[in-house]
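Here are the chains, one letter per residue:
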Amino acid sequence: MTVKNEKGLHHITVLGGDAQRTTDFYTKTLGLRLMMKTVNQDDPSTYHLFFTNGTSQAGSSLTFFPWPMTVQGKPGSGEAVTVSFLVPPDSIGYWAERFGKNGIDFNGPFERFGRQVVSFRDPDRLRLELVFDEEAGNISAWTQGTVPKEHGIRGFWSTTLMLEEIASTGELLTDILGFEKAAEQDGQVLYSASSTPGGHIILETAAPKQGKTGRGTVHHIAFRAKDRRELEEMRQQVDQRGLDPTEVIDRHFFRSVYFKSPGGVLFEIATDGPGYSAVQNEKELGKKLWLPQHLEGRRDMIEKRLPDIHA
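Residues numbered from 1 in each chain as written. Predicted model: local features only at pLDDT ≥ 70, side-chain atom pairs only at ≥ 80, totals over all residues. Heavy atoms only, no water.

A separate point is helix α2 (residues 92-101). Considered for burial, the residues of α2 that qualify are Tyr-94, Trp-95, Arg-98 and Phe-99. Buried positions in α2, seen along its axis, are confined to an arc of 125 degrees and lie on one side of it. Seen from the buried face of α2, the exposed residues on the opposite side, beyond 90 degrees, are Gly-100 and Lys-101. Considering only its buried residues, α2 is in contact with α1 (19-29), β5 (79-87), β7 (115-121) and β8 (127-132). Note on α2: the residue one or two positions beyond its end, Gly-103, has a positive phi of about 65 degrees. (Buried < 20%, exposed > 50% of the residue type's maximum accessible area, 1.4 Å probe, protein only. Helix = DSSP H or I, 4+ residues; strand = E, 2+ residues; numbered from the N terminus. Arc of directions from axis to C-beta. Contact = heavy atoms within 4.5 Å.)

See the structure below:
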């Protein structure tokens, strides 16, 4: 059983395109669960969709702001460029066959940091990977998805940050966010933390490259804090480094702060709780649009403006 309140990734948020196409890909093709259908709390004219493993534990939430009219993005330096999922080590054949049946081009398997990896892209060209690791055995598989439980995605393995200079971001990972430097290979440095899933970050040194914000690019990555008290302690440490964090923001199913990392990537620190079930019951999760209380009075208008989607 996974130990709670450890350090590692909390969630990753991406700019997407068509909301239904995104939902179909992540639920039907990859077998994830649409756990939360809500709106961007800073811009309620667009969805905020949360895809997770079956239990939606920290380190498994890939979230999307679907903006169908936005341009195609191009990742550059100073960005998170790849999202890597954790899957069981004996599932390579299954996923190769599944990708073939669904017409998804993939590369690999290839070896990196002692694990086998397969790379591919989602419909908006976001770079994705499956990392086949024994760590997957520590997490119960979801039994109600479209992928058999013995092969299902368990959450994140890592994300890769492409940076012009990695030392200062590495110090932030080790001094505040709970990671330790674990290995180096081919210009990449692996940092590992205690949680499964979401226990790894890869920093890659890159030449300056101008990116373009748009669909298929990562908006921000979030790291775990046990509770509000620890969040505020971590915020203070970030502030002492001159990184200008926001005040604590109540997102209702977690609390968080945001700041720009030394390498240019937007970081968030988010609490493990109270969790999705604190705001919606099990039957409504991922099905009924959830709105924070201050937006409930605008529900009719918001729902009329949003496209209908279903998992």
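So, on to the sheet that holds strand β6 (residues 107-112). Overall, mixed pairing links the 8 strands, which are arranged β6-β7-β8-β5-β9-β12-β11-β10 in an open sheet. Every interior strand has two partners, whereas the edge strands, β6 and β10 (180-185), have only one. Put simply, the sheet's adjacent strands are angled 25 degrees from each other on average, direction ignored. In the sheet, strand β11 (residues 188-192) pairs with strand β12 (residues 200-205) via 5 bridges, with the strands oriented antiparallel. By the bridge assignment, Leu-190 is partnered in β12 with Ile-202. In the packing of α2 onto the sheet, the strands contacted are β5, β6, β7 and β8, and the crossing angle to β8 comes to about 150 degrees. (Pairing = 2+ DSSP bridges. Axes fitted to C-alpha atoms, helices over the stretch in contact; angles between N-to-C directions.)

Scanning all chains against the criterion turns up 18 salt bridges. The residue Arg-235 makes a salt bridge to Glu-247 at a minimum N-O spacing of 3.2 Å. Taken together, the residues Arg-235 in helix α4 (residues 228-240) and Glu-247 in the loop between α4 and β14 (249-250) connect sequence positions 12 residues apart. With a relative accessible area of 16%, Arg-235 lands in the buried category. Take Glu-247: its relative accessible area is 58%, and that puts it in the exposed class. Residue Arg-299 is joined to Glu-303 by a salt bridge in which the shortest nitrogen-to-oxygen separation is 2.9 Å. Of this pair, Arg-299 and Glu-303 both sit in helix α6 (residues 299-305), 4 residues apart, which is roughly one turn of the helix. (Salt bridge = Lys/Arg side-chain N within 4 Å of Asp/Glu carboxyl O.)

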